[in-house]
Protein chains: 4
Amino acid sequence: MIKAGIVGGTGYTGAELLRLLAVHPEVEVTVITSRKEAGKPVSELYPGLRGKMDIAYSQPDDDVLATCDLVFFATPNGIAMNSVPKLLEKGVKVVDLAADFRLSNAEDWKQWYGIDHACPEMLAEAVYGLPEMNREQIQSAQLVANPGCYPTAAQLGLLPLMEKGLVEGNIIIDAKSGVSGAGREAKVASLLCEVSESFKAYGVPGHRHLPEIRQGLGRMAVNTAGAFGGELVFVPHLVPMIRGIHATSYVSVKDHSIDLQALYENRFRDEPFVDVLPAGSHPETRSVKSCNQCRLSVHRPQGGDTVVILSVIDNLVKGAAGQAIQNMNIMCGLNETAGLEAPALMP
Amino acid sequence: MIKAGIVGGTGYTGAELLRLLAVHPEVEVTVITSRKEAGKPVSELYPGLRGKMDIAYSQPDDDVLATCDLVFFATPNGIAMNSVPKLLEKGVKVVDLAADFRLSNAEDWKQWYGIDHACPEMLAEAVYGLPEMNREQIQSAQLVANPGCYPTAAQLGLLPLMEKGLVEGNIIIDAKSGVSGAGREAKVASLLCEVSESFKAYGVPGHRHLPEIRQGLGRMAVNTAGAFGGELVFVPHLVPMIRGIHATSYVSVKDHSIDLQALYENRFRDEPFVDVLPAGSHPETRSVKSCNQCRLSVHRPQGGDTVVILSVIDNLVKGAAGQAIQNMNIMCGLNETAGLEAPALMP
Amino acid sequence: MIKAGIVGGTGYTGAELLRLLAVHPEVEVTVITSRKEAGKPVSELYPGLRGKMDIAYSQPDDDVLATCDLVFFATPNGIAMNSVPKLLEKGVKVVDLAADFRLSNAEDWKQWYGIDHACPEMLAEAVYGLPEMNREQIQSAQLVANPGCYPTAAQLGLLPLMEKGLVEGNIIIDAKSGVSGAGREAKVASLLCEVSESFKAYGVPGHRHLPEIRQGLGRMAVNTAGAFGGELVFVPHLVPMIRGIHATSYVSVKDHSIDLQALYENRFRDEPFVDVLPAGSHPETRSVKSCNQCRLSVHRPQGGDTVVILSVIDNLVKGAAGQAIQNMNIMCGLNETAGLEAPALMP
Amino acid sequence: MIKAGIVGGTGYTGAELLRLLAVHPEVEVTVITSRKEAGKPVSELYPGLRGKMDIAYSQPDDDVLATCDLVFFATPNGIAMNSVPKLLEKGVKVVDLAADFRLSNAEDWKQWYGIDHACPEMLAEAVYGLPEMNREQIQSAQLVANPGCYPTAAQLGLLPLMEKGLVEGNIIIDAKSGVSGAGREAKVASLLCEVSESFKAYGVPGHRHLPEIRQGLGRMAVNTAGAFGGELVFVPHLVPMIRGIHATSYVSVKDHSIDLQALYENRFRDEPFVDVLPAGSHPETRSVKSCNQCRLSVHRPQGGDTVVILSVIDNLVKGAAGQAIQNMNIMCGLNETAGLEAPALMP
């Protein structure tokens, strides 16, 4: 059994790790930390775990964490970078669900997250944990930066086109997320009475997932002649629901000889967690609720140059905890789908 | 592997059977029928099952169903009673998720369901599938009548008090259900625009689950001196959410020497799917979302005679498909919790 | 034009006063206070008011408030009692939407609200602002205690029976409220991800609206022989929706010669804001969304002794701001329905 | 008093007309028709209207309708075109809330709506009822085609840029609507259990509002040198809420010398129902819930060429019944805002 630790396990991504790991056949959660809730059983915060996960929160302690084979950081941005170097030294593997190791450039980090990076020298070592792009590097990685929720949905949707260098001009990503993406923090803006029965955009001037997506798309296009040079516009919106992300991506593909459906199906044929829907489909976020799947479809409306890609994930699963477990499975040599087989919850 | 069949698998309880059986370690779904959708893969109706359950609906055919070890009927009321006798003859076990075999009295059936019963002689043979009451009979049953959703929540909440004959006077059950209880039928009354952002009672003059609850409470009290003789009032309400039932039950317990908390904890200590919360708790329906648990708490407000029991289930799981699988596990000699171990989905 | 002031206008009841008064033909809001938001236009917090209500929050100032004809307190409990005496002295009328003047007994106040009352001598002077009970006293009142949301729904539902002394034994009020009843405070328990898609009871051991309801029912029964002496059990629940209260009340009426429907219709025939639905009806909370109506129906299920009353209101309108304006209209000699004529918002 | 008739008043737009006209100071609804519900009071279908609108549905009858000053058609597409010519002949004014008279080209109608137009000769006469574009023509019109919900939100957002010929290249409109846009028809796809807690795109290959938007944008640009010649891509999405439309429009404006905020504020300064938010704002759909307002903001993210316009309306008000009443006000010489002054419902 793999011994797993979770740092900062009181938020929704931490709780989701617990839910999924509770039935993972080869992993045992041996430690979960929370400064604020230390001493309290996890099932007191999350009664749904009663009888399924009988562990209590403890104070963060590097020596205790060092007894784990792998540690997940489900902390706010800017926390993991202070502890990760010590854990790596002790041979512990790390998956960081926050943004600390997502951007390879420390200056980008500072610009978008507002503080100096605590260990810029590790940025080169960290592997960006999108298995559909980087599976081989993840296999041998000791430190994996788990992608953001929006970037996961957007990048998977654009991957086949970017790799082939088919995109010309600007890329527009109009993305929509359920409210759990805003976390479990007590704030007026996330109250039911403030967000239900309403819809809005936010962060139009600039959202932190923009540089992460730009970096990812750039890497996809690196081997193509037409490396992406247009504008990248990313507009996130808040949907009155708990879980789910829907990315609607607009690109111009002037080569009409491409069979887009075949391109997508071939690219993802062997991917256990990416499902290309039949031509003409419109994926619903509920078709991936509670599971690690990404479902997508590709359209060329009215036969024009503009191609529209629709991709959906559960932001807490493929967009966070599920992808983190997928990465753990790869890093630890387990079956990649272990613990992630349950179908979506419908309705 | 147990070969399981599902008759009428297009509704929500049928889909829930598929979701749960998709990861059941000892069961294989070999046939699923639907007159209307015959030929269509189940994943076309329920894309969340893509890659998890690769079976298609077929026309109902008794010979094909007879190849199963056990058949679930997830049909509307009044359908199963026409086919069950033939299947039983052929040695197939049956769990009926509809109401056909819940009432032991054929006249009650006719009064509440409006048609003559097709096989009244089988009513005595059918076992009422509430394992917490009838586990032993279920073990040897060939035909199990899976309880209604409201009756499951209400009866589990009252069981410890009724068995001991502690209840005096009337019993009031004020119950609340999510909208999935109304099924997947196209009707104006179940449209999002008609039921979201609203709350209402329905069926106050008389609801079909009333005689089922009355019968169950009567059986619980059968060995007590004070067999229940008061009024039973049952008022269901519709909650603007997909899943969940909350029963708030009010009874008079004039004996104040009883330690209610201990009574409940002792009664359910060995029940894998009933969880008595600590004294003073208020169970939330989301603490059982997607899982087979019933959680409950017992209160004596202001130290009066009135005892209030709060009990919650997921109407599609412990209130339907999950309990059906629990019954199947018992009938087939499997581990009772097989396939039902996943924790609740939160948030 | 009546000059109205609002103290503490940043919460939902304050905002609702603004929404309704913005189109009241005979009232002008001349001052609205908030320590925290002083200087900010109300439309910055509530963009729905842009162009409709061009006033800014100001620091609370008794001299400024004294320029008003009437002041609404939309403050948390325990605030109004410190300022009201001064305003009354200056001849200003007051409607307090909080609980400060609802209980006539200062010891009850202390027991349920945890602090000494600042002006117990005024409790006798304050009129309980349920117009359907106390219209005449409200006409000449200078200080009106606006009823709580649950008490409004529950008391209107029971009024005809209590006045006639028809109720025997216990009274059970199973009440359900939308989330706006919890206010606009930043707390985890009111986040969309915590309350949507879930349902729960709360406050079963004792809720502050219990003594208010008990006091009200006692007053209704004061002229009857059988003044109410049974237990009063009140269990509130949280519904995943923004607005609305549904009270389901259970009482025993052993006299079966009473025509309940006629009793209710006669009692409320002249009440502009109470609507008795046809026999057999089930009122929905959405039928009163955004308007000052109470709709109710009365049932005697299965012809038993137990009578079930279903009553619905919008907790922010008839349960708070709308009833406050109704009281203002009565106190100021305006048409009682002025500014409150708009129908419910459906869907 | 204007005598108004409503044809087909059982759906959500019909009900919304009733809600708004119930408090319109200068209009009386004298007839409302429904083949299916003839004889039934409107308040039986919509209990929120009890006591506010005491009219019953009647069978459609041209002679009765001819007694009205103005008739609203709230019918499905393809109905009004059969009756309108007769009413116009009799001097009755007509506002059609369906699509019958929106496209000026009868062939476009046939292509998108699948049937021949019954009175193509009237298409030239009908005025497209977007008052912000066509106020003068509406004043003298006898027949007004009320715009679609998506087209209203999208066109108002793009109007200032299109009129000035500032847009180069493609236009992408990513639009999101609440579920009431799908109407009150009994269909599985609109059930709460199918659409709540989910989000999806639909109609990507081609939606009927696409030609309407294209026609409108073309007319706006007609006086500019750079009349719009790029691709128009329109992708609608379904949001799990009752009311509201949010259009996110992406265009390329290469001239960076333009002060976009000033352009928008100046263009809409005198428009009573268009509200340009301060720079940097993100309008929420709830800020226009139940009212006739359009609120919008304009962004140039990261200082690039791409301009993003966010515009919100209530699909049943400014997107349907409210705009129809606004058009009626203009056609009948009433104050344009009569009956439309109430602020948004929040929360």
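All of these numbers come straight from a predicted model, not from anything done at the bench.

S.K.: Which residues make up the overall build of chain A, and what values go with them?
M.R.: Broken down by element type, chain A carries eleven helices and 13 strands. Over its C-alpha atoms chain A spans a radius of gyration of 20 Å, differing by no more than 12% from the 20 Å that the globule rule assigns to 347 residues. Taking all 347 residues of chain A together, 65% fall into the buried category. Surface accessibility of chain A: about 11,100 Å² in total, with carbon and sulfur atoms responsible for 46%. Each charge sign in chain A was given a centre, from 30 positive and 39 negative side chains, and these centres are 4 Å apart.

S.K.: Which residues make up the sheet that holds strand β7 (residues 168-177) of chain A, and what values do they have?
M.R.: Pairing between the strands of a sheet is mediated by backbone hydrogen bonds and can be parallel or antiparallel. Residues and elements named next belong to chain A. Taken in spatial order, the seven strands line up as β8-β9-β7-β10-β13-β12-β11 in an open sheet, and their pairing is mixed. In this open sheet, the two strands that pair with only one neighbour each are β8 (200-201) and β11 (274-276). Bridge count between β11 and strand β12 (residues 294-299): three bridges; the pairing is parallel. What sits directly across from Asp-275, in β12, is Arg-295.

S.K.: Now, about the interface of chain C and chain D: what can you tell me, with residues and values included?
M.R.: Listed as interface residues are 33 residues of chain C and, on the opposing side, 33 residues of chain D. Across the chain C to chain D interface the summed buried area is about 2,700 Å²; carbon plus sulfur atoms make up 64%. In this structure, the connection of chain C to chain D is made through two salt bridges. The residue D:Asp275 makes a salt bridge to C:Arg50 at a minimum N-O spacing of 2.6 Å. Counting across the chain C and chain D interface gives twelve residue pairs in polar contact (both at pLDDT 80 or more). Mapped by element, the contributors of at least two residues to the side of chain C that touches chain D are α1 (12-21) and β11 (274-276) of chain C. Element by element, the count of residues in the side of chain C that touches chain D is highest for α1(C), at three residues. A class-by-class count of the residues in the side of chain C that touches chain D yields 18 nonpolar, five polar and ten charged.

S.K.: I'd like a rundown of helix α5 (residues 106-113) of chain C, residues and numbers included.
M.R.: Residues and elements named next belong to chain C. Listed in full, the buried residues belonging to α5 are Trp-109, Trp-112 and Tyr-113. Projected down its long axis, α5 shows its buried positions confined to an angular sector of 80°, all on one face. Residues of α5 that are exposed and angled more than 90 degrees away from the buried face: Glu-107 and Gln-111. Put simply, Asn-105 is the residue that caps the front of α5, since its side-chain oxygen is 2.7 Å from the backbone nitrogen of Glu-107. Of the residues trailing α5, Gly-114 is marked for its positive phi of about 85°.

S.K.: Could you give an account of the packing of helix α7 (residues 149-163) of chain D against helix α9 (residues 209-220) of chain D, with specific residues and numbers?
M.R.: Relative placement of two packed helices is described by the angle separating their axes and the distance separating the axes. Residue and element names in this part refer to chain D. Two elements in contact, α7 and α9, have axes separated by 9 Å at closest approach and are oriented at 25°. The orientation of α7 relative to α9 falls into the category roughly parallel. The interaxial crossing formed by α7 with α9 has right-handed handedness. The residues of α9 that touch α7, namely those facing Cys-149, Tyr-150, Pro-151, Ala-154, Gln-155, Leu-158, Leu-159, Met-162 and Glu-163, are His-209, Glu-212, Ile-213, Gly-216, Leu-217 and Met-220.

S.K.: Go over the relation of the copies chain A and chain D, please, and point to the residues and values.
M.R.: Least-squares fitting of chain A to chain D yields an RMSD of 0.0 Å, with the superposition described by an axial translation of 0.0 Å and a rotation of 180°. Seen this way, the second copy is the image of the first under a two-fold rotation axis. Of the residues that chain A buries at the interface, 100% are likewise interface residues in chain D, meaning the two copies contact each other through the same surface.

S.K.: An account of the relation of the copies chain C and chain D is requested, with residue identities and associated values reported.
M.R.: Superposition of chain C onto chain D requires a rotation of 180° combined with a translation of 0.0 Å along the rotation axis, giving an RMSD of 0.0 Å. Same-surface contact between copies: 100% of interface residues of chain C are shared with the interface of chain D.

S.K.: Outline empty space enclosed by the protein, supporting the account with residue identities and numerical values.
M.R.: In this structure the tally under the stated criterion is 13 cavities of 30 Å³ or more. Each pocket or cavity is described by its volume, and for the largest cavity that value is around 260 Å³. Forming the boundary of the largest cavity are 18 residues, of which A:Pro240, B:Pro240, C:Pro240, D:Glu197 and D:Pro240 lie nearest the centre.

S.K.: Could you give an account of the side chain of D:Asp96, with specific residues and numbers?
M.R.: Residues and elements named next belong to chain D. Note on placement: Asp-96 falls in strand β4 (residues 93-96). Summary of buried charges: Asp-96 has no salt-bridge partner, and the nearest side chain of opposite charge, Arg-102, is 6.6 Å away. Within the structure, the side chain of Asp-96 is placed 3.0 Å from the backbone nitrogen of Ala-98, a separation counted as a polar contact. Contacts of Asp-96, omitting those with residues within four sequence positions, involve Phe-73, Ala-80, Phe-101, Val-144, Ala-145 and Asn-146.

S.K.: Break down the pairing of strand β9 (residues 232-238) of chain D for me, citing the residues and quoting the values.
M.R.: Along a regular strand, successive side chains alternate from one face of the sheet to the other. Residues and elements named next belong to chain D. Buried residues dominate β9, accounting for seven of its seven residues. In β9, alternate side chains face the same way, and those of Leu-232, Phe-234, Pro-236 and Leu-238 on one face and Val-233, Val-235 and His-237 on the other are all buried. As defined by bridge partners, strand β7 (residues 168-177) adjoins β9 across seven bridges and the pair is classed as parallel. For Ile-173, the partnering residue across the bridge sits in β9 and is Phe-234. One ladder, built from two bridges, connects strand β8 (residues 200-201) with β9; its direction is antiparallel. Looking at the pairing, Lys-200 lines up with Leu-238 of β9.

S.K.: An account of the UniProt feature "domain: Semialdehyde dehydrogenase NAD-binding" (unreviewed entry) in chain A is needed here, citing residue identities and associated values.
M.R.: Look at the UniProt record and you will see "domain: Semialdehyde dehydrogenase NAD-binding" (unreviewed entry) annotated at residues 3-141 of chain A. Spanning residues 3-141 of chain A, this segment combines 32% helix with 16% strand, and its end C-alpha atoms are found 17 Å apart.

S.K.: Report on the domain arrangement of chain A, specifying residues and quantitative values.
M.R.: All names here are of chain A. On domain assignment, one finds that chain A holds domain 1 (2-125) and domain 2 (150-315). Of the residues lining the interface, 13 residues belong to domain 1; the matching set on domain 2 comes to 14 residues. Considering only the side of domain 1, the residues that lose the most area to domain 2 are Tyr-12, Arg-102 and Trp-112, jointly responsible for 47% of the buried surface there. For the interface between domain 1 and domain 2, the tally reads two salt bridges. With a closest N to O distance of 2.7 Å, Glu-16 and Arg-243 form a salt bridge. On the surface where domain 1 and domain 2 come into contact, there are six residue pairs in polar contact (both at pLDDT 80 or more).

S.K.: Please provide a residue-by-residue account of the UniProt feature "active site" (unreviewed entry) in chain A, values included.
M.R.: All names here are of chain A. The UniProt feature table records "active site" (unreviewed entry) at Cys-149. Structurally, the position occupied by Cys-149 is in helix α7 (residues 149-163). Sequence-distant contacts of Cys-149, that is, excluding residues within four places in its chain, are made with His-209, Ile-245, Ile-313, Asn-315 and Gly-319.

Calculation criteria
Residues numbered from 1 in each chain as written. Chains lettered and ligands numbered in written order. Predicted model: local features only at pLDDT ≥ 70, side-chain atom pairs only at ≥ 80, totals over all residues. Heavy atoms only, no water. Helix = DSSP H or I, 4+ residues; strand = E, 2+ residues; numbered from the N terminus. Rg over C-alpha atoms; globule rule 2.2 N^0.38 Å. Buried < 20%, exposed > 50% of the residue type's maximum accessible area, 1.4 Å probe, protein only. Areas by Shrake-Rupley, 256 points an atom, 1.4 Å probe, with all protein chains shown as cover. Lys, Arg positive; Asp, Glu negative; His and termini not counted. Charge placed at Lys NZ, Arg CZ, Asp CG, Glu CD. Pairing = 2+ DSSP bridges. Contact = heavy atoms within 4.5 Å. Buried area = accessible area lost by both parts, 1.4 Å probe. Salt bridge = Lys/Arg side-chain N within 4 Å of Asp/Glu carboxyl O. Polar contact = N/O pair within 3.5 Å; in protein donor to acceptor, adjacent residues only side chain to side chain. Nonpolar A, V, L, I, M, F, W, Y, C, P; charged D, E, K, R; others polar. Arc of directions from axis to C-beta. Axes fitted to C-alpha atoms, helices over the stretch in contact; angles between N-to-C directions. Parallel < 35°, antiparallel > 145°, perpendicular 65-115°, else oblique. Left-handed = near helix turned anticlockwise from the far one by under 90°. Least-squares fit on C-alpha atoms with pLDDT ≥ 70 in both. 1 Å grid on protein atoms, 1.4 Å probe; cavity = no way out; pocket = protein on both sides within 12 Å on 5 of 7 lines; lining within 4 Å. Points joined across faces, edges and corners; volume = space filled by probe spheres on them. UniProt positions renumbered as here; feature names shortened; annotations may be inferred. Domains from an automatic or database assignment.

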